[in-house]
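Report on the structure
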Amino acid sequence: MKKRILIVDDDLSILKLLNFILSRDYEIVVKNNGMDAFAWLEDGNIPELIISDLQMPYFDGQSFIKNVKISGLLRDIPIIMLSAAHDLDTQVSKMPFQVDAYMPKPFNPTSLKSAINLVLNIYDASHSK
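Now for a look at the structure at hand. Each chain carries its own residue numbering, running from 1 in the direction its sequence is written. Only residues with pLDDT of 70 or above have their local features reported here, since the model is predicted, and side-chain atom pairs are shown and tallied only from 80 upward, although totals for entire chains, interfaces and linings are computed over all residues. Excluded from the side-chain calculation are hydrogens and water; included are all heavy atoms of the structure.

Brief notes about the overall build of the protein
Where helices and strands are cited, they refer to DSSP runs of H or I of at least four residues and of E of at least two residues respectively, numbered from the N terminus. Looking only at helices and strands, the protein features 5 helices and 5 strands. Listing each helix as α and each strand as β along the protein from the N terminus yields β-α-β-α-β-α-β-α-β-α. We take the radius of gyration over the C-alpha atoms and set the globule estimate at 2.2 Å times the residue count to the 0.38 power. Taken against the 2.2 N^0.38 rule, which gives 14 Å for 129 residues, the C-alpha radius of gyration of the protein at 13 Å falls within 12% of a compact globule. In this scheme, a residue with accessible area under 20% of its type's maximum is buried, one over 50% is exposed, and one in between is partly exposed, where area comes from a 1.4 Å probe on protein chains only. The proportion of buried residues among the 129 residues of the protein is 43%. In this description, contact between two residues means that some pair of their heavy atoms is separated by no more than 4.5 Å. Across the protein, the fraction of contacts at a sequence separation of at least 24, relative to all contacts at a separation of at least 6, is 61%. As displayed, the protein offers around 7,200 Å² of accessible surface, 51% of which is attributable to carbon and sulfur atoms. Charged residues are defined narrowly, with Lys and Arg counted positive, Asp and Glu counted negative, and His plus the chain ends left uncounted. One atom stands in for each charge, and that atom is NZ of Lys, CZ of Arg, CG of Asp or CD of Glu. Placing the 13 positive and 16 negative side-chain charges of the protein at their respective mean positions leaves the two points 4 Å apart. Here the accessible surface of atoms and residues is derived via Shrake-Rupley with a 1.4 Å probe, and residues count as covered only by protein chains that are part of the display.

Written as structure tokens, this is what we have:
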């Protein structure tokens, strides 16, 4: 059974690209904003990984990720953050929560796949004890 990845981004071209790159190996669920993504999670859907943009309208990536991390049921889901922010390292270091990996846009598909594999392997190892 394929692992499920939730992708949250307001850029349709990024959603299509990520779906194209990852759908062979993973079950992909796409949401174009944090509100829709969080509602999907609250409906009982639990992915093995979340990939989220940082800068989105309505419910931005930082608010979305914060709500996931403070939720009892969702807090252990690993998160990879994507962003076009020019000071991404600084923004990530100032966040009141931790993401498992982050990557600037534009991203290298091979590097993203490697990050996904690494994060999922660490998650699997820590939850198989």
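Section: the environment of I50
Tracing the sequence through the fold places I50 in strand β3 (residues 49-53). Among the residues examined, I50 registers a relative accessible area of 0% and is labelled buried. Along the primary structure I50 and K69 are separated by 19 residues, whereas in three dimensions their C-alpha atoms are 12 Å apart.

Concerning the environment of I80
With respect to the helices and strands, I80 occurs in strand β4 (residues 79-83). Judged by relative accessible area, I80 falls into the buried class, the value being 0%. On a C-alpha basis, the gap between I80 and G34 in space is 14 Å, while along the polypeptide they are 46 residues apart. Those residues in contact with I80 that lie beyond four places of it in its chain are L49, I50, I51, S52, A101, L112, A115, I116 and V119.

Observations regarding the packing of aromatic side chains
Note on ring pairs: Phe, Tyr and Trp rings are taken, using the six-membered ring of Trp, and paired if centres are within 6.5 Å. Classes follow the plane angle, with under 30 degrees stacked, over 60 edge-to-face and the rest tilted. Enumeration according to the criterion identifies 1 aromatic pair in this entry. Here the aromatic rings of F38 and F64 are separated by 6.5 Å at their centres, their planes lie at 85°, and the arrangement is edge-to-face. In this pair, F38 sits in helix α2 (residues 34-42) while F64 sits in helix α3 (residues 61-70), placing the two residues 26 residues apart along the sequence. Judged on exposure class, the residue F38 and its partner F64 are both buried.

Some words on the pairing of strand β1 (residues 4-8)
Regular strands show a simple pattern: their side chains alternate between the two faces of the sheet. The buried fraction of β1 is high, at 4 of 5 residues. As for the winding sense of the linkage, the β-α-β connection from β1 through helix α1 (residues 12-22) to strand β2 (residues 27-31) is right-handed. For crossovers, right-handed means that the path from the first strand over the helix to the second runs clockwise, given strands pointing away from the viewer.

What to know about the packing of α1 against helix α5 (residues 109-127)
It is at 11 Å that the axes of α1 and α5 come closest, and there the two elements cross at 65°. Taken together, the axis directions place α1 and α5 in an arrangement best described as roughly perpendicular. As α1 runs across α5, the sense of the crossing is right-handed. Two secondary-structure elements touch here, α1 through L18, I21 and L22 and α5 through P109, L112, K113 and I116. Its residues assigned to classes, the contact of α1 with α5 comprises 6 nonpolar, no polar and 1 charged. Angles run from 0 to 180 degrees between N-to-C directions of axes, and those axes are lines fitted to C-alpha atoms, restricted for helices to the stretch in contact. Oblique is the label for every angle not falling under 35 degrees (roughly parallel), over 145 degrees (roughly antiparallel), or within 65 to 115 degrees (roughly perpendicular). Note on convention: the crossing is left-handed when the near helix lies turned anticlockwise from the far helix by less than a right angle, right-handed when the turn is clockwise. As a working rule, the residues Ala, Val, Leu, Ile, Met, Phe, Trp, Tyr, Cys and Pro are called nonpolar, Asp, Glu, Lys and Arg charged, and the rest polar, with Gly in that last group.

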